[in-house]
Amino acid sequence: MKQQQTYSGYQALLGWVVREQQPEQVTIELPLTEHHLNRSDYVHGGVLASLLDTAMSFAGLYSPDPSEVRKAVTLSMTTTFVSPAREGTLTVIGRLRGGGRKTFMSSGEVFDDEGTLIAFGEGTFRLRSGSENETP
């Protein structure tokens with residue numbers, strides 16, 4: 001099996017992996033553990049927001065050359081929690097919706113193993129210096 005890239009310490013802490021990345025869309029998965037749960041034994045809202053933030057930003061950061069890493073910062077983000085989840089694997093799909101040379105907008109959805117919508121969101125992101133010159 002191919003070794004998964006570690007994007008950050010935070011990614012390593014949460015344990016998500018990028019399953020597929022293509023222009024304008026990314027799929028991230030998170031196998032749930034007890035460390036992702038809140039006091040009610042459901043996935044903590046902060047975990048869901050982090051997954052959405054990551055997937056939505058990655059949706060606008062595609063580069064065909066893995067050595068050319070593009071980066072962005074989150075300017076704004078909304079998150080709506082729809083259903084609880086507590087076990088299995090979460091799948092997050094981020095989609096680029098539009099933007100310009102320095103900013104872009106994305107949406108994201110989190111699903112459980114059954115295909116139930118757990119949360120969704122929208123975000124606006126600003127490309128870090130140098131990243132805006134790459135073509136997605």
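It should be noted that the structure appears before, not after, this text.
## Section: the nonpolar core
Next, step 1: Residues Trp16, Ile28, Leu51, Leu90 and Val110 are the most contacted members of the largest nonpolar core, which totals 27 residues.
Next, step 2: Elements supplying a minimum of two residues to this core: β2 (25-31), α2 (45-59), β4 (89-99), β5 (103-111) and β6 (117-127).
Next, step 3: Ranked by residue count, the leading element in this core is α2, at eight residues.
Next, step 4: With residues near it in sequence (within four places) discarded, Ile28 still touches Trp16, Val17, Val18, Arg19, Leu51, Thr54, Ala55, Leu90, Thr91 and Val92.

## Overview of the pattern of salt bridges
Next, step 1: Enumeration according to the criterion identifies two salt bridges in this entry.
Next, step 2: Measuring nitrogen to oxygen at the nearest pair gives 2.8 Å for the salt bridge that ties Arg19 to Glu29. Placement of Arg19 in strand β1 (residues 17-22) and of Glu29 in strand β2 is noted, with a sequence separation of ten residues between them.
Next, step 3: With relative accessibility at 22%, the residue Glu29 sits in the partly exposed group.
Next, step 4: Glu109 is the partner of Arg95 in a salt bridge, and the nearest nitrogen-oxygen pair spans 3.2 Å. You can see Arg95 sitting in strand β4 and its partner Glu109 sitting in strand β5, a full 14 residues away along the chain.

## Section: α2
Next, step 1: The terminal C-alpha atoms of α2 lie 21 Å apart, and with 15 residues this matches the ideal 21 Å at 1.5 Å per residue to within 8%.
Next, step 2: Across the 15 residues that make up α2, a large majority, twelve, are buried.
Next, step 3: Every buried residue of α2 is accounted for by Val47, Leu48, Ala49, Ser50, Leu51, Leu52, Thr54, Ala55, Met56, Ser57, Phe58 and Ala59.

## Details of the pairing of β4
Strand residues, when the strand is regular, have side chains that alternate between the two faces of the sheet.
Next, step 1: Bridge analysis of β2 against β4 gives seven bridges, and the strand direction is antiparallel. Looking at β4, one finds that Gln25 is bridged to Arg95.
Next, step 2: Examined bridge by bridge, β4 and β5 share eight bridges and lie antiparallel to one another. The residue of β5 that forms the bridge with Val92 is Val110.
Next, step 3: From the end of β4 to the start of β5, which pair antiparallel, there are three residues.

## Topic: the sheet that holds β1
Next, step 1: Spatially, β1-β2-β4-β5-β6-β3 is the arrangement adopted by the six strands of the open sheet, whose pairing is antiparallel. Across the chains shown, the open sheet's two edge strands, defined by having one partner strand only, are β1 and β3 (72-81). Each adjacent strand pair in this sheet contributes to an overall mean axis angle of 20°, direction not counted.

The rules behind the values
- Residues numbered from 1 in each chain as written.
- Predicted model: local features only at pLDDT ≥ 70, side-chain atom pairs only at ≥ 80, totals over all residues.
- Heavy atoms only, no water.
- Core = buried A, V, L, I, M, F, W, Y, C linked by side-chain atoms within 4.5 Å.
- Buried < 20%, exposed > 50% of the residue type's maximum accessible area, 1.4 Å probe, protein only.
- Helix = DSSP H or I, 4+ residues; strand = E, 2+ residues; numbered from the N terminus.
- Contact = heavy atoms within 4.5 Å.
- Salt bridge = Lys/Arg side-chain N within 4 Å of Asp/Glu carboxyl O.
- Expected span 1.5 Å × (residues − 1).
- Pairing = 2+ DSSP bridges.
- Axes fitted to C-alpha atoms, helices over the stretch in contact; angles between N-to-C directions.

Limitation: the analysis is restricted to geometry and does not speak to function.
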